[in-house]
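Survey of secondary and tertiary structure
Here are the chains, one letter per residue:
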Amino acid sequence: MAKANGIYQRKGKHGDVTYYIRYQFKTVDGDGNETIKDLKEKVGRKSRGFNRDLAREALKAREGEVAQGRFNLEKVRKPYPISELLERYHKHAASCKASHSREKYVLEGFKKYFSGRYLSDVTIWAVEKWKRERAQQVAKTMVNRELTIVKHVFKMGVTWGLMTGNPAASVAPFRTQEGCIRYLSEAEIPALLDACRKQATSPWLYPVVVLALNTGARQGELLDLRYQDLDPERGLIYFGKTKNGKLKTLPMNSSVRQVVEGLNAQRYGEYLFTWPWGQRIGRTTVYDAFQKACEAAAIENFRFHDLRHTAASYLVMEGVDLATVKEILGHRRSK
């Protein structure tokens, strides 16, 4: 139950008295439900000329603003840095979202864009401006995916009582047109693999691409693979951290076995894909190395995720039924 409006005071260590006011106002949470917030606001210290009468006047003023619908929470609360909301969200997402690693990468860019600013500075126009500038750097489909993550972050900010509204909620995604699904031709596959093999500064790239082509696994699933997830005797790979949260088991073919044996012979840590000093390979590093390989192989308009499309296409062409292909790729079942 919300406490009644009123005035109270607190005596500090050195005997100085600080006056506070308490009042309530109605707001809407992250799910659109009306709720009553109980606020405490510092008025001032007695040593600086504040007294109970001034606190009473401040309370009347706030009650008047609330009654007239002119109350603005962001102006009276302590400024909350955007960076702190993102850090809190990271801790929340790490415990319950399989896509946390990808979200963390996206939000690092968002944090950099709004560096040094507070939640009260983030308006609908500010998010719209970020969206449009981001579209100058990456594809609009990518911006739309990032916008979905940003919307959820601010929704959680409202749920946690850090914001009164979600400034990204009404920002519309870009209209995009579905293009043709891109997959490698029979001539492009060996060209790409050869280019990956020749990248001396990225010796892990060839094994990553081979596994992607032969398992259809997502990039995140591959980078999360540990040696304990491999069962060479049975010829199986266990993918524990999948997008849909379910354990996925895939068989090794001869190409995968050969790559796994090579990695195992020169392992640098518990994960398959690491640098010699033990640091895991990141998504940005994979992106840069893969783009260089595509350029060297003269392969255009091709992303790492398209290796997944390629794996699926060749499975279908080999006569594997669609239901089995979906099971191998780990697609969610339609309800």
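In this text, all values refer to a predicted model and were calculated from it rather than measured experimentally. (Residues numbered from 1 in each chain as written. Predicted model: local features only at pLDDT ≥ 70, side-chain atom pairs only at ≥ 80, totals over all residues. Heavy atoms only, no water.)

The subject of this paragraph is helix α8 (residues 205-215). Burial runs high along α8: 9 of the 11 residues are buried. The complete set of buried residues in α8 reads Leu 205, Pro 207, Val 208, Val 209, Val 210, Leu 211, Ala 212, Leu 213 and Thr 215. Phi turns positive one or two residues past the end of α8, at Gly 216, with a value near 75 degrees. (Buried < 20%, exposed > 50% of the residue type's maximum accessible area, 1.4 Å probe, protein only. Helix = DSSP H or I, 4+ residues; strand = E, 2+ residues; numbered from the N terminus.)

Let's shift gears to helix α6 (residues 140-159). The end-to-end C-alpha distance of α6, which contains 20 residues, comes to 29 Å, matching closely the 28 Å that a straight helix rising 1.5 Å per residue would cover. Of all the residues in α6, the buried ones are Val 143, Asn 144, Glu 146, Leu 147, Ile 149, Val 150, Val 153, Phe 154, Met 156, Gly 157 and Val 158. Count one or two residues on from α6 and you reach Gly 161, which has phi positive near 80 degrees. (Expected span 1.5 Å × (residues − 1).)

Turning next to unusual backbone geometry. Of note in the backbone geometry, Ala 298 takes a positive phi value of approximately 60 degrees without being a glycine. Relative to the assigned elements, Ala 298 resides in the loop between α11 (283-296) and α12 (306-317).

Taken as a whole and assessed by the stated rule, the structure comprises 14 salt bridges. Note that Glu 87 and Lys 111 form a salt bridge whose closest N and O atoms lie 3.5 Å from each other. A residue pair is termed long-range when its members are at least 10 positions apart, and Glu 87 in helix α3 (residues 82-96) and Lys 111 in helix α4 (residues 100-113) qualify at 24 residues. For Lys 111, a relative accessible area of 27% translates into the label partly exposed. Taken together, the shared-partner salt bridges connect Glu 128, Lys 131 and Arg 132 into one network. (Salt bridge = Lys/Arg side-chain N within 4 Å of Asp/Glu carboxyl O.)

Taking every second residue as pointing to the same face, the buried face of strand β6 (residues 248-251) carries Lys 248 and Leu 250, while none of Thr 249 and Pro 251 on the other face is buried. Here 4 bridges tie strand β5 (residues 236-239) to β6, and the two strands are oriented antiparallel to one another. In the strand pairing of β6, Phe 239 is matched with Lys 248. (Pairing = 2+ DSSP bridges.)

Let us now look at the nonpolar core. In this structure, Leu 192, Trp 204, Val 209, Leu 222, Phe 273, Phe 304 and Leu 307 are the most contacted members of the largest nonpolar core, which totals 43 residues. Of all the elements in the fold, those that place two or more residues in this core are α7 (188-197), α8, α9 (219-223), β5, α10 (254-265), α11 and α12. The dominant element in this core, judged by the number of residues it contributes, is α8, at 7 residues. Discounting residues that sit within four places of it in the chain, Val 209 has contacts with Leu 192, Leu 193, Cys 196, Phe 290, Phe 304 and Leu 307. Grouped together as the second largest cluster of nonpolar side chains are 25 residues, Ala 93, Trp 130, Ile 149 and Val 171 included. (Core = buried A, V, L, I, M, F, W, Y, C linked by side-chain atoms within 4.5 Å. Contact = heavy atoms within 4.5 Å.)

The next point concerns the packing of aromatic side chains. Summed over all chains, the structure comprises 9 aromatic pairs. Judged by centre distance (6.1 Å) and plane angle (40 degrees), the ring pair of Phe 290 and Phe 302 falls under tilted. One end of the pair, Phe 290, is in helix α11; the other, Phe 302, is in the loop between α11 and α12, with 12 residues separating them in the sequence. Classification of Phe 290 by relative accessible area gives buried; the value is 1%. (Phe/Tyr/Trp six-rings, centres within 6.5 Å; stacked < 30°, edge-to-face > 60°.)

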